[in-house]
Each structure stands twice: as C-alpha cells, then as structure tokens.
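The primary structure of each chain is shown beneath.
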Amino acid sequence: MKKDKFKRKVLVSSIASCLMASAYVSAQDSDPMLEEVVVTGVYASQQSAVNTKRDAASVVDAISAEDIGKLPDVTISDSLQRIPGIQVERTAGEGGPVQIRGMAGVATSLNGETFLSATSIDTSSADFGDLPSQLFSGADVYKAPFASLTSVGTAGTVNLKTRRPFDLDEGWTFSGSAEVDHGSISDEYDPTISGLIGYNADKWGVLVSAVTTEKNLATDFNGWFDTSENGGIGAARANGGADPDMPDVYYMVPQGFSAYYKEEERQRDGVNVSFQAELSDGVELVADYFYSDQERYNRRAGFSSNNRWQTFSDYAFPLNNEIGEGSWTYQPSTDGAAPQQWVSLNSAYEARPLRLQSFSQTNFNLENSENASVELNFDHGGPLTGQVRVTTASAEHQMRHGYGEGDVLDTVASNLNGGKGGFVPASYCGGGDDIVGDQGGCFVDYQADSISDTDWMMTYQQTGEDITFGGLDRVVNGGQGEMSVYDYMASIDSYHVGAFSSENNTDTEGSLDTFSTRWNYAFDDTPFISSVDVGVRQSRRTVERAEYSLFGGLDETGDCYAQWRAVDQVAEFPDVCNKPDDELGEMVDGEWVPYQLLPPTRIDEFTDVVWIDDYSVNGAPGVWAIDPREFDDSAAFMDRVFGDNIRLDNAGNSYGVELDELSYFLQANFEAGPVSGNVGVNVIETDLSIRQNLVGSPNYSHSGTAPDVGDVLTERSYTDVLPSVNVNYSVTESVVLRAGYGETMMPVDLLQWGGGKRVGQTFDSECACMRIESVSFAGNPDLEPTRSSTLNLSAEWYLGAASMIGATYFQLDIDSFVENGTISVLEPDADGVNRGPNDGYWTASALVQGSGGSVEGVELQAKVAFSDITDNFMSNFGFDVNYTLSESSQDAEGFNGEELPFPNNSEDTYNLVGWFENDFLSARLAYNFRSPRLIEGGSDTTGGQGLYQDEYGQLDMNVTWDVTDNVAVYLNGSNITEELQQTYLEFKEQKAFQNVYEARWALGARVNF
C-alpha cells in the first residue's frame, strides 16, 4: 500500500495553446444529427458529421470510432462528456455515471434495444464504468424523444453500438491493440490487450472481438471521516448548541478526520460476437452476443481520529473560536421544536482524542452482464421495410464489504462512560489483572502499551487545497512511557483491534426479455407524408435484491452471533446467542456481567499489516494498518477469525420487482420543400409487481440489521400516452432552424418502490449501549414513475464543409419528483421502551410523491476546421468547443429558504478541444469543466446545509503516429495536471473532504490488416 508521493503540476496557462497543440477527434455514423468526437480522418469525418447534422430529423449527439478499438478517452463516459449537455461523475478518477442536462434519468440501449448493465440493474441511471470501450464502435445520445425510439429516458437515451460483420471490408479483417498505462500515485504499470477477427463473405459474415484490462487506480482521500467509496457526509451532525464558548449556537461537527490512501484494482473483460447473413433477397439475419465482466477491489487504509460514536457536543470545536461567514436561523422539522441559531465554520477544528486509529476497508464488487439479440430485417426494395427482434439479458452485481480498525488509545481512558475495561473470560486474564468473576474472569486493559493520556487536543485545518493535522507531536503518557503521539503510532505494540465487521453486503440480479416488431411504409407520390412507422414491443424486467451482514463471534465469548465484533460491544442479549447465560458472562459481586464480544487482540494477531505514511496532507502520522487485502474475501476472513458466520438479511433493503410493458407506436414522417420532421405517439401499458419485506423490530442485537418477518405484495397497472413532434426548417442552404417537443415516462429507481423500513442506532454513553436515533422507510410501492416533457429549439449556421456554429434552447419539465416526507411511528428500543422525542413517537422519513421541477438552459457549440478558412499552415488545425447552461428549479428548499438545484446538476459545463492532423501525425488536447454540483441535500442534523462538490476541470491529451497504413503508436494522458475534487458543506470555506486523483499515461500500439 505504500506509494510514491506525487508532486502537483500546473494547469496549462492558455486556452490558445490548447487549441493549437491538441487533437480532438470526431467520426460520424449513420444516425441523424451527430455531434462527433472524430478519431481518424479528422477533416473528412467532421465534414460528414456536419452534413448529416444539417439533414437530421431529431436531436442526436454521438461519439464514434472509424478505427476498430479506437474510441477516444479512458471510458465511454469520458468521451461522452465532450458533447454539449453531458455531465459525468468520476469513480476512482475514471468517468462513470452520466447525466444529460443535469438529470440522471438516462436510458441505455445496445444497438437500438434496451441494454441491461450490471452497474444499473435496479436504477434509472446510466453508468458505463464496467464496459470496455474497445468493444464499441460508438454511442449515440438522444436528447429529444420521438415515437419510434425504443428506450426513452427522462433526460435522454444513450444507444451503445457494436461492430457487425457487414461493417467490415470483404474478406478477413484482423485488428489488435496493446497498451501499458501508469498512474502517478499508484506507480503501477497496467496492461490492456484487445483484438478483433472478422470475416465478411458478402452474403454472410462473423465477427469476434475481445478485450482484457487490468487497472490499479489510486486516489488520496483526505478530510472528514467517511467510509463510502467516493465519500459522503457520513455521520457528521450538529454539536447540539453545547459549546461553552458559544452557548446555544449550532455548528457542524464531523464524526472524525482522516487521511487515506485508496486504490481501486479493476479486472475488466469483455467479448462481443456478431453474425450476419443475407438469408434471401431482402431478408437479413443478425445475431449479437455481448458479455462484460468486471471485478473491482476498492481498498483504503490510513489514519483516522474520530469520536468513537460517543459525542458530537463534546468532541470537536472551532479552532480559536473562529467562525465562517454563514449565520442563520434554522427551524427543525420535528413538531414543536424550537428554532436553532446556526453558524458555518472555516474548516479548522480542535478535537479531543476520543479515538486514534488506523482504518482499513475493502469493498469488492463483481459485475457481469450478458445481452443477446436475434433480429430479422426485411427490405425487398419496395415501399415496405421492417424488423422482428427478440432479446434476452441477465446481469449480476455482488458487493462484499469488510473493515478493521487498529486503536492506539487505551479503550478505558478514551471511554467517556468510564468503567474498568472490558470483561473477558479467564483465558485472557494475566498475573497483573484482578480476578473478579466467579469463573475467573477479569476487567482487562485492552492494550497495555497504548496511549493512556487523553488530556490533550489535536488540530485539523484546511487552507485552500492544503490540509494540516497538528498536536500530534505532543508528548503523552502510556504503556511505553512518555513519548510523542507520532512515536506511539509508529510502534506496532501500541495497536489493538477496535472492530471487525462485514455489513451491508448486496446481491442484485436482474433479467430483461423483449420481443418487438417495427415496420416502415414509404410513400412515393404523397405530397407531405413521406413515410409511416409502426411498431409493437413487449418486455419483462425482473430484479431481485438482497442486502445482508455477516454475524458470528469468538468461541470464548459463547459464540454469540453479532454483526459488530468490537471492543465496545458486549454479549448482553442471550436471546440471539446459542449458548446459555453462564457461557456469555459471569457473576461479579452478585451481579451477572456479560463478556465483551471482542477480547484483547493485537492488530497483527490475525492479519498482515502495512505501514502507511505517504500522504498528500501535512502532519498526519504514519500508522500500522491492517492490509485491506485481508478483506478481499470478507466472508472467508470472518470465518477464519471468528468461526463459522451466518448471513442475516437486512429486510429494509431487500426486495423483488417485476415490470411488464406492452408498447405500440405510430409515427408519420413528413417532408415538403424546406420543412421536414416527424410526429407520432407511443403508448406504454405497464403491469407492476412489487415484493417488499415486512421489517421486524428491534434490529438484531449488536447490529444495524433488521429482521425479515414476512412479505407484502403490491400489484398495480398504469398506461402512458406519449406524443412527440420534431420539425426542421432550412431557411437557406447554410442556416437550419429546429424545434422539437416530446413526452416521456421512466420507472423510478426500484429501491424506491421495493425498500422497507430502516432503523438507525448510535452508541449512548449514558447506558453504554446502542439506542435508536432515526427511523426511515426506503420504499413506497404507490409511487408514480417519473414523467416529463422536453422542448428543444435550435439554430445552426454552416460556415464551411466541416465548420458550423449552433445554439440550442432546451426546457425539461418533470411532473413530479419522489421526495422525502415524514410520518410518525412508534419504534421501541431493544428493551421495549419507546423513547421517540414526540411522546414516544419518531418522526420517520418516508418517500412520498412530491411536486415537480424543471431544467432550462442553452447549449452553444462551434466546430471549426481551419482548412475551410485558409490554405496556409493553419489548415491542419481545428477545434471543437461548447458550453452548456443548465438551470434547475424545484420546490425543495435549502437551509436559507432558496430553491435547491437538482442533485448532481452542474449549472455550467464547457469543453475546449483543439486538434491537429497531417498525413502521419494527429494530436488533441481536451479540457472539460463543470461547476459545483449538489451531492446530498441538507437535513435537521446539518441545519439544512447541503453537501456540494466544488468546480472541477480536467485536462487530457492524445498523440497518435501512423507508422504505416496499418500500424499506429499512441500516447494518451488523462488528468495530466493531477486535479482534485473538493467538497464543501453549503459554504465553500466549510470544506468537507477531497479526492486527489492521479495522472495516468498510456503508451500503446494498434495494428489493422
């Protein structure tokens, strides 16, 4: 896990140099209105794209690759972000989830039919992080709906395209590529190998392509303590107005502060097989099979200081009592709650050392999918053409989670509840321990060589991008005598295991089967209607999802089943243990005292450890951490350490959904002089079946897992009638005006239908036990699907054969959002007592049908090939630039009463791409920028403050040398200036955490013959 420390580089100083020295490549395909990222033959492809755009009947943007296996950028998502209106989220530095014009409701299809991906089995979003880009010939983005479009998303549709045999030249075609890429933080060299073999015999053909990729992507995570893969607000919450220096003033307190080294190891494999045959004159058979498989190990290890779940009111305080610029009065949602006076802070804290530790975690994801299609295409040369198609798909996504903590502070000294230490069986008691139990048990010091002094403060401060930890050079007392905190953390003898756990693991399986037929009839003599499209489609989609945690225990504790094997958990609930009371504890002074679930355990007793000290922050101590690879197979690890574990499902997040759709459409295509377009209607009849789990109460002991006590089945139906119209008007040969309107329907994320009840718990220092802190309902089977309407108005001016400028106004109206509401429920603690704040009731969050919202904005773009303007040396240069303004509006309000933006929507995005090409060399430099986006809205625990990602820009480059007509060598650079993603809580100076991404460089070669 140790890595070389990287040095940040400086962003290029001039957009002009970007336009003059880089290459942006585009190619065109056969679908209408393509805004292309050209990959070879830059001028010719851009010219073809501009001509196709001029004649288009609908708004479609695209990326394509004329050369086999040569899609630009690292992932398909990275390439899509070059198109106006596309916004991309990053996972481990690579492009992943895609939004269109600020909306996540994006449908995905493969060669024109709905595609089932392992990364979006139960969601309405698009994520292409598991798909090898080398297998695709391109991807189309439909922003304006039309009746004959098979898959329609709220925001748009991405249609992925693979190659087929008849796309190739006659005879044999062979293609291959190999590359090695290197990360500036990981310092790993990772291979990618791809190949294609195809045969086109004119009347029939076959094609097989495959790719295998290994990636070791490194990121530094610094800031507020959180354990999610990309970071979140975690357990941060208000201080409760308990600061003695600022009485009755509320501010945010994170659960802790951390500096982690993260790596994501990816093994990505894919295969595409296609067969085409002309069965007879006018009848074509096409059979496609697409397979993808990805294994992802998301690992982290590093330093953490946190409150040990004990207190937020007496843990961290503003450094030097300095507060930020924000000051407001917040009214909590709980009935009768008093208003609260809030202030923001300036990312500077002093904190009590309630827990100093190393933290290690691995999330293992297995993602695989199979999509198969057989179609018959009919074209006898007459006015009637058509298609009959059958598809079947299956996908699986498994996530396995495991973590371990290495505590350096003495457990008793850092426990605000006081006490004598953990009570353990006689086998853990030594000569210096007082034997107090009737079976020889004792209260033991968990790590005699750890820090016992807690009468000091550490500091955490962020200025700009720089984070500094302070106070850790202080000399403290402990089992190894007086020495600095740094020295204690450098000694492996200081560490004992604080907790082991494997929780919130998931198994998600999905299937999708479709049958469709569509036909077109062309009219020769009709003055206005040029053709008519009709079609029918039947589909069935099923999803099964299970979330579970592993429960087990040490033999010495009576084999009590518990999720959290931790130093602060005791075997106090014998009803969930398979041993009698006298094997779970002992009598001490006439009272029964339970054993701790985790006895004293050195950090290296069951695991390998690694030394971590190479951070991108200042002042953080080096730590001994459990090697996170120990949790690559978390079930095997738990069985090895604690004996056989059992799996207990979390009923609230486990469900099943079956979605049947019958759709039929009619579309008339028209053309008269300068006017062309289409008008149509698509009718979708939906039958929905939802299986929810009834959630028992309370949670299983020592866990956050709720039992399944039965099922609830909901069946319902609804019908949508979705009209659309698209009109194009050629004002002159060089000026085209377009207008389009369409309505869409898309199912909500399936968890929003199928999820059950969840009960949150936290450690209560008064009783030294877990208490309920929140109740929520994850699903509502009566929610309506997301319905919307889209308006597009555009103007295009064609300046030359390969040059144009354009502007598009768009408006997307959402009828109704799913939003969080509240209901009152009784939810007792484990002892049966209802302690809800409202006469025993909890105000539980629940999903409800809310009001709608809208996204309105403009897209501006310019494609220029200088050879259209001049024939001097500049004729080898060109550029493609675009800007998108996406303003969202909804009824949801932030902490100050202002409207919240749509989650993940950046109001401003732009791309600056410059390219160069001559007979043997091409190059491009591409810069992508997006403004701040809302990650998570505020709540009562944050005073209404939302979590935002700050603006982010990334510079990529490519240089390709065509050694011969068949051999090319290339160099790709991604994030070459090593940018970081910074988050903040409502105010930019109130910084939360940052992901520091590495630069990656790839050197490779392609061969085609």
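Residues numbered from 1 in each chain as written. Predicted model: local features only at pLDDT ≥ 70, side-chain atom pairs only at ≥ 80, totals over all residues. Heavy atoms only, no water.

This is how it is decided: UniProt positions are given in the numbering used here, feature names are shortened, and annotations may be inferred rather than shown by experiment.
Going by the annotation in an unreviewed UniProt entry, the name recorded for the protein is TonB-dependent receptor, with Gilvimarinus japonicus given as the source organism. As its UniProt record puts it under Sequence similarities (unreviewed entry), the protein is described as follows: "Belongs to the TonB-dependent receptor family." Turning to the protein, the UniProt annotation filed under Subcellular location (unreviewed entry) states: "Cell outer membrane".

**Things to note about the pairing of strand β38 (residues 655-672)**
Heads up, the rule is: Strand pairing is assigned whenever DSSP detects at least two bridges linking the two strands. A run of DSSP states H or I qualifies as a helix once it reaches four residues; a run of E qualifies as a strand once it reaches two. Both are numbered from the N-terminal end.
Where strand β31 (residues 529-551) lies against β38, 16 bridges are found, and the strand directions are antiparallel. Counterpart to Ile529 in the pairing with β38 is Phe670. As defined by bridge partners, β38 adjoins strand β39 (residues 675-695) across 18 bridges and the pair is classed as antiparallel. Pairing of Val657 across the sheet is with Ile690, part of β39. The turn linking β38 back onto β39 is made up of two residues, and Gly673 within it adopts a positive phi angle of 60 degrees.

**Observations concerning the environment of Asp815**
Where we set the bar: Contacts: residue pairs with any heavy atoms within 4.5 Å of one another.
Along the polypeptide, Asp815 turns up in the loop between β45 (803-814) and β46 (818-826). Expressed as a C-alpha distance, the spacing of Asp815 and Gly850, which sit 35 residues apart in the sequence, is 9.1 Å. Those residues in contact with Asp815 that sit more than four places away from it in its chain are Arg787, Ser851 and Gly852.

**A word on a nonpolar patch on the surface**
Basically, it comes down to this: Only residues whose relative accessible area exceeds 30% and that form no salt bridge enter a patch; like-charged residues are grouped when within 9 Å of one another, and nonpolar side chains (Val, Leu, Ile, Met, Phe, Trp, Tyr) when within 5 Å. Only the protein chains shown count as cover for residues, and the accessible areas themselves come from Shrake-Rupley with a 1.4 Å probe. Salt bridge, as applied in this entry: a Lys or Arg side-chain nitrogen positioned within 4 Å of an Asp or Glu carboxyl oxygen.
A surface patch of nonpolar side chains, amounting to about 580 Å² of accessible area, comprises Trp172, Ile197, Trp204, Val206, Val208, Val273 and Phe275. Taken together, the elements giving at least two residues each to the nonpolar patch come down to β11 (204-224) and β15 (256-280). With respect to the element layout, Ile197 can be found in strand β10 (residues 189-200).

**Quick notes on the nonpolar core**
What counts is decided by this rule: In plain words, nonpolar cores are sets of buried Ala, Val, Leu, Ile, Met, Phe, Trp, Tyr and Cys residues tied together by side-chain atoms within 4.5 Å. Burial classification: accessible surface area is computed with a 1.4 Å probe over protein chains only, and a residue below 20% of its type maximum counts as buried, one above 50% as exposed, and the rest as partly exposed.
Counting 82 residues, the largest nonpolar core has Phe257, Leu356, Phe469 and Phe500 as the members making the most contacts within it. Considering each element in turn, this core owes the most residues, four residues, to helix α5 (residues 634-642). Look past the residues within four positions of Phe469 in its chain and what remains in contact with it is Phe257, Ser258, Ala259, Phe303, Met458, Thr459, Tyr460, Val617, Asn618, Gly619 and Ala620. Counting residues in each nonpolar core, the second largest holds 30 residues, with Leu110, Phe115, Phe290 and Phe902 among its members.

**A short note on the pattern of salt bridges**
Applying the stated criterion across every chain yields a total of 44 salt bridges. Of the charged contacts, one joins Arg738 and Glu796 as a salt bridge, the two residues approaching to 2.7 Å between their closest N and O atoms. Of the two residues, Arg738 is situated in strand β41 (residues 735-746) and Glu796 in strand β44 (residues 786-800); the sequence distance between them amounts to 58 residues. Like Glu796, Arg738 is buried.

**Here's the deal with the state of the cysteines**
What counts is decided by this rule: Note on terminology: pairs of cysteine sulfur atoms within 2.5 Å are recorded as disulfides.
Per the counting criterion, the structure on display carries one disulfide. Linked covalently through their sulfurs, Cys429 and Cys442 form a disulfide whose S-S length is 2.1 Å. Disulfide Cys429-Cys442: the torsion about the S-S bond is -110 degrees, which places it as left-handed. Within this pair, whereas Cys429 is found in the loop between β23 (422-424) and β24 (442-444), its partner Cys442 is found in strand β24, the two being separated by 13 residues in sequence.

**Some remarks on the sheet that holds strand β26 (residues 466-470)**
For clarity, the cut-off: Each axis is a line fitted through C-alpha atoms, and for a helix only the stretch in contact is used; angles between axes span 0 to 180 degrees, taken between their N-to-C directions.
Taken in spatial order, the four strands line up as β17-β20-β25-β26 in an open sheet, and their pairing is antiparallel. Edge positions in the sheet fall to β17 (316-318) and β26, since each has one partner strand and no second. Across the sheet, the axes of successive neighbouring strands diverge by a mean angle of 20 degrees, strand direction being ignored. Pairing analysis gives three bridges linking β17 to strand β20 (residues 348-351), with the strands arranged antiparallel. What sits directly across from Pro318, in β20, is Tyr349.

**Digging into the packing of aromatic side chains**
We count it as follows: Within 6.5 Å between ring centres, the rings of Phe, Tyr and Trp (the latter by its six-membered ring) count as paired, and their orientation is classed by plane angle as stacked under 30 degrees, edge-to-face over 60, tilted in between.
Inspection of the entire model under this criterion finds 38 aromatic pairs. Aromatic pair Phe500 and Phe637: ring centres 5.2 Å apart, planes at 70 degrees, arrangement edge-to-face. With Phe500 in strand β29 (residues 496-501) and Phe637 in helix α5, this residue pair connects regions lying 137 residues apart in the sequence. Judged by relative accessible area, Phe500 falls into the buried class, the value being 1%. Given the relative accessible area of 1%, Phe637 is considered buried. Site record: aromatic cluster; members linked through ring pairs are Phe221, Phe225, Tyr260, Phe359, Tyr403 and Phe993.

**Side note on the sheet that holds strand β3 (residues 94-100)**
A sheet is described by the order of its strands in space; here three strands give the open sequence β2-β3-β6, paired in antiparallel fashion. Edge positions in the sheet fall to β2 (86-91) and β6 (126-127), since each of these pairs with one other strand and no more. Bridge count between β3 and β6: two bridges; the pairing is antiparallel. Bridging from a neighbouring strand, Val98 pairs with Ala126 of β6.

**So, α5**
The condition that has to hold: To obtain the arc, one takes the directions from the helix axis to the C-beta atoms.
Considered for burial, the residues of α5 that qualify are Ser634, Phe637, Met638, Val641 and Phe642. Down the axis, α5 shows its buried residues gathered within 95 degrees of arc, on one side only. Looking one or two places after α5, you find Gly643, whose phi comes out positive at around 85 degrees.

**Focus on unusual backbone geometry**
A positive phi angle, near 55 degrees, is found at Asp187, a position not held by glycine. Accessibility expressed as a relative area gives 35% for Asp187, which makes it partly exposed. Its identity as a non-glycine residue notwithstanding, Asp248 has a phi of 65 degrees, on the positive side. Considering the arrangement of structural elements, one finds Asp248 in the loop between β12 (237-238) and β13 (249-250). For Asp248, a relative accessible area of 61% gives the class exposed.

**Comments concerning a negative patch on the surface**
How we decide: Neither His nor the chain ends contribute to the count of charged residues, in which Lys and Arg are positive and Asp and Glu negative. Think of each charge as sitting on NZ of Lys, CZ of Arg, CG of Asp or CD of Glu.
Side chains of Glu819, Asp891, Glu893 and Glu899 sit close together on the surface and give a patch of like negative charge. Residue placement: Glu893 occurs in the loop between β49 (877-890) and β50 (908-917).

**Remarks on the confidence of the model for the protein**
Selection criterion: Scored from 0 to 100, pLDDT records how confident the predictor is in each individual residue.
Residues of the protein with pLDDT of at least 70 account for 89%, and the chain-wide mean is 86. For the protein, the element scoring lowest by mean pLDDT is helix α1 (residues 15-21), at 32; strand β36 (residues 623-626) scores highest, at 97. The low-confidence segment residues 1-40, where pLDDT is below 50, has 175 contacts with residues more than four positions distant or belonging to other chains. The model gives residues 554-558 a pLDDT under 50, and that stretch makes 20 contacts with residues more than four places away or in other chains.

**Re the pairing of strand β18 (residues 327-330)**
Residues Trp328 and Tyr330 line the buried face of β18, whereas the alternating positions Ser327 and Thr329 sit on a face that is not buried. Pairing of β18 with strand β19 (residues 340-343) involves four bridges; the strand directions are antiparallel. Residue pairing across strands places Trp328 opposite Trp342, the latter belonging to β19.

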